[in-house]
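Summary of the model geometry
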Protein chains: 2
Amino acid sequence: MTTEQFPVNRALAIIGGKWRPQLYCTLEDGPKRFLELQRAIPGISRKVLTDQLKELERLGMVERIEFDEAVLHVEYRLTDAAYTLQPAMKGLCAWGEGN
Amino acid sequence: MTTEQFPVNRALAIIGGKWRPQLYCTLEDGPKRFLELQRAIPGISRKVLTDQLKELERLGMVERIEFDEAVLHVEYRLTDAAYTLQPAMKGLCAWGEGN
């Protein structure tokens, strides 16, 4: 098996890295606007957040919802597929707190 | 909270990356010799494996066991602390297989 074929590596290729775990944990408790996400994740720039959200959308982990209002109102939410990762992420979170 | 303070990031700083998830999964079912580890992880060089094992030892995730035999016999095993991460890693593994 090559590195990428190891299931854990496939999961971490999608949800690992510096920003995605935080994005995941921030979106876990419900849809958020762009600025809410930016405020919740210290040090993330507008460009990096934009790129990460686009990539997570491409990977089927995040959904971009546009609301039909006078002013453009967009929110981001985790997809159902992303929520199936929640037990593992909660496990990592709990472990990270204890270690 | 800075990036490093996010619990998930702390966990992934220890067990994330290209080689460590595979090292973890390979050691999960019991102690292994160096060559066994090298054979089980495609593409890992002797030097990278040596460095990763040293770092995991430093982090308290792996234990190096020397056997008192005529010929030097060394094995590596996960520590008890490392095994507490098993549910989360199994969750990532299962998710990686399904996605």
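For the structure, check the block above.
To start, this report covers the structure provided alongside it. If you're wondering where the values come from, they're calculated on a predicted model, not measured in any experiment.

**Description of the overall build of chain A**
When helices and strands are counted, chain A shows 6 helices and 2 strands. From first element to last, N terminus to C terminus, chain A shows the α and β order α-α-α-α-β-β-α-α. Seen through its C-alpha atoms, chain A measures out along the principal axes to roughly 50 × 30 × 25 Å. For chain A, the proportion of its 99 residues judged to be buried stands at 45%. Partitioning the contacts of chain A with sequence separation of at least 6, the portion at a separation of at least 24 is 44%. Here chain A has roughly 5,300 Å² of accessible surface; of this, 54% comes from carbon and sulfur atoms.

**Some points on the nonpolar core**
Core analysis: the biggest nonpolar cluster contains 57 residues, and A:Met61, A:Leu85, A:Leu92, B:Met61, B:Leu85 and B:Leu92 have the highest contact counts within it. Beyond its immediate sequence surroundings of up to four residues, A:Leu85 is in contact with A:Ile15, A:Tyr24, A:Met61, B:Leu92 and B:Trp95.

**Some thoughts on the state of the cysteines**
All names here are of chain B. Under the criterion given, the structure shown has 0 disulfides over all chains. For the unlinked cysteine cysteine 25, the closest cysteine sulfur is that of cysteine 93, found at 4.7 Å. A residue is classified by how much of its surface remains accessible, and cysteine 25, at 17% relative accessible area, is buried.

**Notes on the relation of the copies chain B and chain A**
Between chain B and chain A, the superposition needs a rotation of 180 degrees and an axial shift of 0.0 Å, giving an RMSD of 0.0 Å. In the structure described here, the two chain copies are related by an operation that fits a two-fold rotation axis. Minimal C-alpha separation from the rotation axis in chain B is found for B:Ala88, amounting to 2.2 Å. Taken together, the interface assignments show that 100% of the residues at the interface of chain B recur at the interface of chain A, consistent with an identical surface on both copies.

**Describing the pairing of strand β1 (residues 62-67) of chain B**
Residues and elements named next belong to chain B. In the sheet, β1 pairs with strand β2 (residues 73-78) via 6 bridges, with the strands oriented antiparallel. Residue isoleucine 65 lies in a different strand from β2, and its bridge partner there is glutamate 75. Taking the residues between adjacent antiparallel strands as the criterion, β1 and β2 are bridged by 5 residues.

**Details of the packing of helix α1 (residues 7-15) of chain A against helix α2 (residues 20-27) of chain A**
All names here are of chain A. With their axes 8 Å apart at the nearest point, α1 and α2 run at an angle of 75 degrees to one another. On the basis of their axis angle, the class for α1 and α2 is roughly perpendicular. On α2, the residues touching Ala13, Ile14 and Ile15 of α1 are Arg20, Pro21 and Tyr24.

Rules and cut-offs
- Residues numbered from 1 in each chain as written.
- Chains lettered and ligands numbered in written order.
- Predicted model: local features only at pLDDT ≥ 70, side-chain atom pairs only at ≥ 80, totals over all residues.
- Heavy atoms only, no water.
- Helix = DSSP H or I, 4+ residues; strand = E, 2+ residues; numbered from the N terminus.
- Buried < 20%, exposed > 50% of the residue type's maximum accessible area, 1.4 Å probe, protein only.
- Contact = heavy atoms within 4.5 Å.
- Areas by Shrake-Rupley, 256 points an atom, 1.4 Å probe, with all protein chains shown as cover.
- Core = buried A, V, L, I, M, F, W, Y, C linked by side-chain atoms within 4.5 Å.
- Disulfide = S-S within 2.5 Å.
- Least-squares fit on C-alpha atoms with pLDDT ≥ 70 in both.
- Pairing = 2+ DSSP bridges.
- Axes fitted to C-alpha atoms, helices over the stretch in contact; angles between N-to-C directions.
- Parallel < 35°, antiparallel > 145°, perpendicular 65-115°, else oblique.

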